[in-house]
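# Structure at a glance
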Amino acid sequence: MKEFVLLGDEAIGQGALDAGLSGVYAYPGTPSTEITEFIQKSKEAIERNVHAQWSANEKTAMEAGLGMSYAGKRAMVCMKHVGLNVAADAFINAGMTGVNGGLVVVVADDPSMHSSQNEQDSRFYGKFAMIPVLEPATQQEAYEMTRYGFDLSEKFALPVMLRITTRLAHSRSAVERSELRSENEVKLPADLKQFILLPAPARKKYKLLLSIQDKLEQESITSGLNRTEAGEDHSKGIIACGLSYNYYQEVAANAGLNYPVLKISQYPVPAELLNEFVKGVDQVVVLEEGAPMLEESLTGILENNYQIGGRLNGLLPRDGELDPLNVKKAMGIESEPARLIPDVVKNRPPALCKGCGHIDMYNALGEALDSYGPGRVFSDIGCYTLGALPPYNAINSCVDMGASITMAKGASDAGLRPAVAVIGDSTFTHSGMTGLLDAVVEQTPLTIIISDNSTTGMTGGQQSHATNRLFDICRGIGVEEEHLRQMNPLRKHHEENMVMVADELAYEGVSVIIAQRECIQTASRSLRKEKSAKS
Amino acid sequence: MKKDIILAGVGGQGILSIAAVIGMAAVESGLYLKQAEVHGMSQRGGAVQSHLRISDSPIASDLIPEGSCDMILSVEPMEALRYLPFLAKDGWVVTSTKTFENIEDYPAEDELFEQIRLIENHVLIDANAIARELGSQKISNMVMLGAASMHLGLGTEYLEGAMNTLFGRKGEEVVALNIKALMAGKEGIRI
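Residues numbered from 1 in each chain as written. Chains lettered and ligands numbered in written order. Predicted model: local features only at pLDDT ≥ 70, side-chain atom pairs only at ≥ 80, totals over all residues. Heavy atoms only, no water.

### Focus on the overall build of chain B
Quick reminder of the rule: Where helices and strands are cited, they refer to DSSP runs of H or I of at least four residues and of E of at least two residues respectively, numbered from the N terminus. All radius of gyration figures rest on C-alpha atoms, and the globule criterion is 2.2 Å times the number of residues raised to 0.38. Whether a residue is buried, partly exposed or exposed follows from its accessible area with a 1.4 Å probe, protein chains only, as a fraction of its type maximum: under 20%, in between, or over 50%, in that order.
For chain B, the count of helices and strands is seven helices and six strands. Starting at the N terminus and walking to the C terminus, you meet the elements of chain B as β-α-β-β-β-α-β-α-β-α-α-α-α. Relative to a compact globule of 191 residues, whose C-alpha radius of gyration would be 16 Å, chain B shows 16 Å and is just as compact. Counting the 191 residues in chain B, one finds 59% classified as buried.

Right under this line is the structure:
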């Protein structure tokens with residue numbers, strides 16, 4: 001069959017389409033964004049009318065995915081790791097309700113925090129929800145495990161998590177497709193009370209979930225995704241989870257290592273598999289991307305006292321991504337000293353684009369705040385978070401989606417005046433609206449700037465639910481008309497913009513300033529498209 | 001045959017278009033490919049790199065091990081130096097001389113070139129000047145690809161074929177111009 005060169009993310013999108021997907025639900029987030037984008041652009045998906053519109057946030061995505069599953073069709077929900085925090089309520093309870101049509105939840109973790117606030121390991125969530133977790137090592141496995149995920153989900157009537165990390169999400173390789181499977185028809189659950197988690201039925205559902213854990217463990221053996229590779233050198237036994245298997249293979253091939261390997265790609269991992277594997281090896285080394293989750297559990301699982309090496313005993317770094325170098329060190333192999341980076345090389349952090357509207361917004365805000373002193377600007381997740389860096393040094397917080405408004409509210413409640421929130425348009429409709437309602441209900445003195453570039457910018461310019469809706473939303477929530485202002489963030493309007501902000505900072509109530517100017521990246525992209533359409 | 005290449009540049013400079021051409025040419029030549037990219041935050045004017053691995057046998061790691069990269073191909077001179085720990089002893093640095101100065105403490109050009117010249121196998125090429133002569137700054141990346149092509153182990157016909165596939169929908173002229181840039185880059189380093 002023909003091979004396609006695909007990103008890990010794209011392989012998942014293709015795998016889902018070929019497995020009979022009827023809808024993908026997601027909010028953009030690095031490194032997960034390209035899964036949904038791939039489906040949005042796929043001709044087959046468009047012809048089949050597969051749902052692929054962005055959702056307002058990960059929770060609405062998770063719930064819509066569960067709803068599609070209720071109706072009998074296959075759904076996939078995609079998010080970055082911190083997005084699962086937002087979706088967690090629905091996610092955990094989906095483990096309780098179970099599913100009807102297959103439901104695969106793809107979570108892309110970002111160890112080393114290339115584009116994230118933390119490096120939490122989503123496998124813990126899978127364990128928490130007591131559902132199967134799949135962890136592919138290659139693009140081909142990502143393709144195949146997506147399909148298997150749907151099979152597994154329909155076999156056990158449970159959602160299945162597919163966990164990937166940045167390096168697989170954003171690395172390309174050839175992928176071979178398998179045959180296309182048709183979508184499910186609409187079909188109600190056999191038990192129309194399956195999704196009602198009132199206490200009495202919920203207790204029964206929970207017992208059911210507990211009772212099938214053994215079966216899930218057995219499946220982790222029979223599926224073949226956790227497999228042992230024999231080795232002649234028994235001084236070490238290597239347990240390699242997900243992507244880390246690749247690094248071990250690389251190091252082993254270069255250094256001629258021949259240890260037995262247990263490749264883990266499916267959880268829950270049964271104790272018997274681990275105990276069987278470690279028999280006859282002197283030392284166990286655990287390689288896992290993210291937190292030392294399996295490593296931590298080993299002490300309670302292994303029957304004898306094995307020496308366990310990994311992230312906990314310093315054999316591998318406790319934080320950050322694995323790579324061929326730190327895995328090589330963990331194998332006890334010395335490297336020749338590498339070349340050094342010359343001192344002349346300076347850091348080049350990401351920056352706001354030249355001509356970006358966020359810059360003019362920050363300039364106006366900065367000057368208006370001058371007389372009050374620093375430390376009053378709560379911000380959020382998006383391109384405008386780069387306002388934290390020089391030369392702007394414009395913000396004092398970036399915590400989670402929507403936290404700007406609510407943190408500013410809390411600070412205002414504490415007596416910090418003025419308190420300012422800076423939030424993007426897409427982030428506002430993701431998680432900012434409810435916080436605004438809190439502030440409006442109490443008439444909390446607070447100045448909110450919605451820096452509206454009419455796109456989800458940091459992730460590459462996806463459609464924003466907020467576009468052309470912000471004024472109506474703010475009015476609907478109850479922001480007073482005279483304190484709902486519009487700013488055009490251009491240098492030539494600096495003076496009037498600064499005065500507008502200063503006026504609202506002085507107001508002892510809720511002010512919302514919408515600083516609206518399209519992202520220059522999306523604007524120039526549509527200009528190019530227009531041009532090429534004309535020629 | 002096995003080539004490990006780091007592509008380097010600044011977010012927005014289009015190193016992924018070079019990666020796409022090499023990647024497609026490699027796959028069309030029947031080789032294995034792995035190519036790790038940077039998406040997300042760094043794309044906003046930050047340092048970006050792509051690890052590109054091609055081989056006639058299966059490739060395990062998506063990342064190139066330290067000290068084993070055959071070539072650093074950079075469209076910006078300071079970025080060429082950032083990944084030196086990855087470069088093998090006999091590895092090549094092929095870089096454009098055109099600086100991209102979007103930070104306050106950007107070093108003096110001469111200091112950068114001095115450091116690059118300390119690397120035994122290096123090529124400094126004014127890709128922008130060559131591209132300008134050909135009539136479009138936009139094709140400087142393909143000039144760089146041309147300058148690096150002799151170290152890729154891929155037939156020029158495969159690179160041309162990949163350009164045809166990738167740029168074909170933009171019209172024959174665009175394809176021809178890109179191929180011209182490739183050839184000019186290839187010739188440029190012979191001078």
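### What to know about the sheet that holds strand β9 (residues 237–241) of chain A
Residue and element names in this part refer to chain A. Heads up, the condition is: Pairs of strands are assigned from DSSP output, requiring at least two bridges between the strands. Throughout, an axis means a line fitted to C-alpha atoms (over the contacting stretch in the case of helices), and angles, computed between N-to-C directions, take values from 0 to 180 degrees.
Pairing within the open sheet is mixed, and its five strands lie in the order β8-β10-β9-β12-β13. Whereas interior strands pair on both sides, the edge strands pair on one side only; in this sheet they are β8 (227–229) and β13 (307–309). Taken pair by pair, the neighbouring strands of this sheet meet at an average axis angle of 20 degrees, ignoring direction.

### Here we look at the interface of chain B and chain A
To keep things clear, this is the line we draw: Residue contacts follow a heavy-atom distance rule, with two residues in contact if any of their heavy atoms lie within 4.5 Å. Here the quantity called buried area is the accessible surface, traced with a 1.4 Å probe, that two parts lose on coming together, added over both. When a carboxyl oxygen of Asp or Glu is within 4 Å of a side-chain nitrogen of Lys or Arg, the pair counts as a salt bridge. Two N or O atoms form a polar contact when they lie within 3.5 Å of each other; inside protein one atom must be a possible hydrogen donor and the other a possible acceptor, and for residues adjacent in sequence the pair counts only when both atoms belong to side chains. In this classification, Asp, Glu, Lys and Arg are treated as charged, Ala, Val, Leu, Ile, Met, Phe, Trp, Tyr, Cys and Pro as nonpolar, and every other residue, Gly included, as polar.
Tallying the contact residues gives 45 residues for chain B and 44 residues for chain A. Of all residues in chain B, the largest losses of buried area upon contact with chain A belong to His39, Met41 and Arg44 of chain B, amounting jointly to 21% of the total for that side. In this structure, the connection of chain B to chain A is made through five salt bridges. Among the salt bridges present, the one from Arg53 of chain B reaches Glu250 of chain A, with a minimum N-O distance of 2.8 Å. Applying the counting criterion to the chain B and chain A interface returns 21 residue pairs in polar contact (both at pLDDT 80 or more). The set of elements that each furnish at least two residues to the side of chain B that touches chain A consists of β2 (32–36), β3 (47–55), α2 (77–82), β5 (87–96) and α3 (109–117) of chain B. The greatest single-element share of the side of chain B that touches chain A, amounting to five residues, is contributed by β5 of chain B. Taken together, the residues of the side of chain B that touches chain A break down into 22 nonpolar, 10 polar and 13 charged.

### A word on the packing of helix α1 (residues 15–28) of chain B against helix α6 (residues 156–167) of chain B
Residues and elements named next belong to chain B. Spelled out, the test is: Note on convention: near helix rotated counterclockwise from far helix by under a right angle means a left-handed crossing. Clockwise means right-handed.
Running from amino to carboxyl end, α1 crosses α6 at an angle of 115 degrees, the nearest separation of the two axes being 8 Å. Crossing geometry of α1 relative to α6 is assigned as right-handed. Contacts between α1 and α6 involve Ala20, Val21, Ile22, Met24, Ala25 and Glu28 on the former and, on the latter, Tyr158, Leu159, Ala162, Met163, Thr165, Leu166 and Phe167. Residue classes in the contact of α1 with α6 are distributed as 11 nonpolar, one polar and one charged.

### As for the pattern of salt bridges
Evaluation of the coordinates by the stated rule reveals 35 salt bridges over all chains. Residues Arg348 of chain A and Glu79 of chain B are paired through a salt bridge, measuring 2.6 Å at the closest nitrogen-oxygen approach. Highlighted residues: Arg348 of chain A in the loop between α14 (324–330) and α15 (357–369) and Glu79 of chain B in helix α2, drawn from two different chains. The class of Arg348 of chain A is buried, set by a relative accessible area of 5%. We note a salt bridge from Arg475 of chain A to Glu481 of chain A, for which the minimum N-O separation is 3.0 Å. Salt bridges linked by common partners bring Asp109, Asp121, Arg123, Glu135, Arg163 and Glu288 of chain A together as one network.

### Considerations on a positive patch on the surface
Formally: Only residues above 30% relative accessible area that lack a salt bridge enter a patch, with like-charged residues linked at up to 9 Å and the nonpolar side chains Val, Leu, Ile, Met, Phe, Trp and Tyr linked at up to 5 Å. The Shrake-Rupley method, run with a 1.4 Å probe sphere, supplies the accessible areas, and residue values consider only the shown protein chains as cover. A residue counts as positive if it is Lys or Arg and as negative if it is Asp or Glu; His and the chain ends are not included. We put the charge of a Lys on NZ, of an Arg on CZ, of an Asp on CG and of a Glu on CD.
On the surface, a cluster of positive charge is contributed by Lys41, Arg525, Arg528, Lys529 and Lys531 of chain A together with Lys138, Arg169 and Lys170 of chain B. In terms of residue count, the dominant contributor to the positive patch is helix α20 (residues 520–534) of chain A (four residues).

### Some words on the side chain of Ser22 of chain A
All names here are of chain A. Along the chain, Ser22 turns up in the loop between α1 (8–18) and β2 (23–26). Judged by relative accessible area, Ser22 falls into the buried class, the value being 5%. If we skip the residues at most four places from it in the chain, Ser22 touches Val50, His51, Met68, Lys73, Arg74 and Glu183.

### Details of the pairing of strand β16 (residues 446–452) of chain A
All names here are of chain A. Filter applied, for reference: Looking down the strands as they point away from the viewer, one classifies a crossover as right-handed if the path from the first strand across the helix to the second runs clockwise.
Where burial is concerned, most of β16 is hidden: seven out of the seven residues are buried. Across the two faces of β16 the burial is the same, with Leu446, Ile448, Ile450 and Asp452 and Thr447, Ile449 and Ser451 all buried. Looking at chain direction, strand β15 (residues 420–424) and β16 are connected through five bridges and run parallel. Across the sheet, the residue bridging to Ala421 is Ile448, located in β16. Handedness of the crossover joining β15 and β16 through helix α17 (residues 425–442) is recorded here as right-handed. Bridge count between β16 and strand β18 (residues 510–516): seven bridges; the pairing is parallel. For Ser451, the partnering residue across the bridge sits in β18 and is Ala515.

### So, the packing of aromatic side chains
Residues and elements named next belong to chain A. The cut-off we apply is this: Stacked, edge-to-face and tilted labels apply to pairs of Phe, Tyr and Trp rings (six-membered ring for Trp) whose centres lie within 6.5 Å, assigned for plane angles under 30 degrees, over 60, and everything in between, in that order. Only Lys NZ and Arg CZ are tested; either one counts as a charge over a ring when it is within 6 Å of the ring centre and within 35 degrees of the ring normal.
What the rule picks out here adds up to two aromatic pairs over all chains. Aromatic pair Tyr70 and Phe195: ring centres 5.0 Å apart, planes at 70 degrees, arrangement edge-to-face. Placement of the pair is Tyr70 in helix α4 (residues 58–70) and Phe195 in the loop between β7 (171–176) and α9 (199–211), with a sequence separation of 125 residues. With relative accessibility at 29%, the residue Tyr70 sits in the partly exposed group. Using a relative accessible area of 19% as the deciding quantity, one classes Phe195 as buried. Here the aromatic rings of Phe91 and Tyr125 are separated by 6.3 Å at their centres, their planes lie at 90 degrees, and the arrangement is edge-to-face. Residue Phe91 is found in helix α5 (residues 81–97), and its partner Tyr125 is found in helix α6 (residues 123–129); the two are separated by 34 residues along the sequence. Classification of Phe91 by relative accessible area gives buried; the value is 1%. A residue is classified by how much of its surface remains accessible, and Tyr125, at 18% relative accessible area, is buried. Just above the ring of Phe4 sits the side chain of Arg177; from NZ or CZ to the centre is 5.5 Å.

### As for the nonpolar core
Residues and elements named next belong to chain A. Filter applied, for reference: What is meant by a nonpolar core is a set of buried Ala, Val, Leu, Ile, Met, Phe, Trp, Tyr and Cys residues, joined one to another through side-chain atoms within 4.5 Å. Residue ranges assigned to the domains are those given by an automatic or database domain assignment.
Counting 107 residues, the largest nonpolar core has Ile39, Met76, Leu287 and Met331 as its most contacted members. Shared between two domains, this core takes at least three residues from each, and those domains are domain 1 (3–187 + 196–211) and domain 2 (227–330). When residues no more than four places from it in sequence are discounted, the contact partners of Met331 are Lys236, Ile238, Tyr248, Val251, Leu257, Tyr259, Val285 and Leu287. Ala394, Ile450, Ala466 and Leu484 belong to the second largest nonpolar core, which has 44 residues in total.

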